[in-house]
Structure formats: structure tokens, C-alpha cells
Amino acid sequence: MVQASVHGTAVFVAYIDGSADGSSWYTIERNFAADLSSDGSPRYAVPVPSTPTLSAFRQFRVRIKNTDDSNSGSFTVALCVKE
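Rules and cut-offs
- Residues numbered from 1 in each chain as written.
- Predicted model: local features only at pLDDT ≥ 70, side-chain atom pairs only at ≥ 80, totals over all residues.
- Heavy atoms only, no water.
- Salt bridge = Lys/Arg side-chain N within 4 Å of Asp/Glu carboxyl O.
- Helix = DSSP H or I, 4+ residues; strand = E, 2+ residues; numbered from the N terminus.
- Pairing = 2+ DSSP bridges.
- Axes fitted to C-alpha atoms, helices over the stretch in contact; angles between N-to-C directions.
- Buried < 20%, exposed > 50% of the residue type's maximum accessible area, 1.4 Å probe, protein only.
- Contact = heavy atoms within 4.5 Å.

1. Looking at the pattern of salt bridges
Then comes step 1: In the structure shown here, the tally under the stated rule is two salt bridges.
Then comes step 2: When the shortest N-O distance is used, the salt bridge between Arg61 and Asp17 registers 3.0 Å. Here the residue Arg61 occupies a position in strand β6 (residues 59–66), and Asp17 occupies one in strand β2 (residues 12–19), the gap between them amounting to 44 residues.
Then comes step 3: For the salt bridge of Arg63 with Asp17, the shortest nitrogen-to-oxygen distance reads 2.4 Å.

Next comes the structure, spelled out in C-alpha cells:
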């Protein structure tokens, strides 16, 4: 199982990638951020659902693509990988 939680202050897309050898990466999951704020201060999060890992993947990473041209943003990532 692979699961990621990503939070940020700008609009973004989060990806979970897997690789067998660290040189070729494949996107396992992609999700778009949702605005969780209720007070006018933007807070975005992507709860990427659990994804069953393929036995070929030995390495995992989370990529973040900031899609907010007006805000460089700051991001926090948690990645959990379990056999």
C-alpha cells in the first residue's frame, strides 16, 4: 500500500510515482488539491487514496506541481509505504 497526504498554501496537483531502479518513474496516482479554508485564508490539501503497490516498484516519491502562477506556496508531504 502507498498513501500520501499533501498540504499547501497554493493550488497544486500531487502525484505518487513508483520505480523499480530509481531511473525510470511511473505515475501511480494523481490528485488535484481542494481548498479547505472557511476563513478566506487559502489552505489546500490532497488526500491521495491508498494505492496497492506493484511488486516491481521498490522506490516511491511524491511530486508536487504548483498550478498557482501568483503564489509560490509552501507544501508539506507525508508518504506511507507498507507491504
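2. Examining the sheet that holds β6
Then comes step 1: Spatially, β3-β2-β6 is the arrangement adopted by the three strands of the open sheet, whose pairing is antiparallel. Both outer strands of the open sheet, β3 (26–32) and β6, are each paired with one neighbouring strand and no more. On average, each strand axis in the sheet is tilted by 20° relative to the strand beside it, whichever way the strands run.
Then comes step 2: Bridge count for β2 against β3 is six bridges, and the pairing is antiparallel. In the sheet register, Ile16 faces β3, and the bridge partner there is Glu29.

3. Remarks on the pairing of strand β1 (residues 2–8)
Then comes step 1: Because side chains alternate across β1, one face comprises the buried residues Val2, Ala4, Val6 and Gly8, and the other comprises Gln3, Ser5 and His7, none of which is buried.
Then comes step 2: Relative to strand β7 (residues 75–81), β1 runs antiparallel, the two sharing seven bridges. In the strand pairing of β7, Ser5 is matched with Ala78.

4. Thoughts on the side chain of Asp68
Then comes step 1: One can find Asp68 in the loop between β6 and β7.
Then comes step 2: Beyond its immediate sequence surroundings of up to four residues, Asp68 is in contact with Ala10 and Val11.

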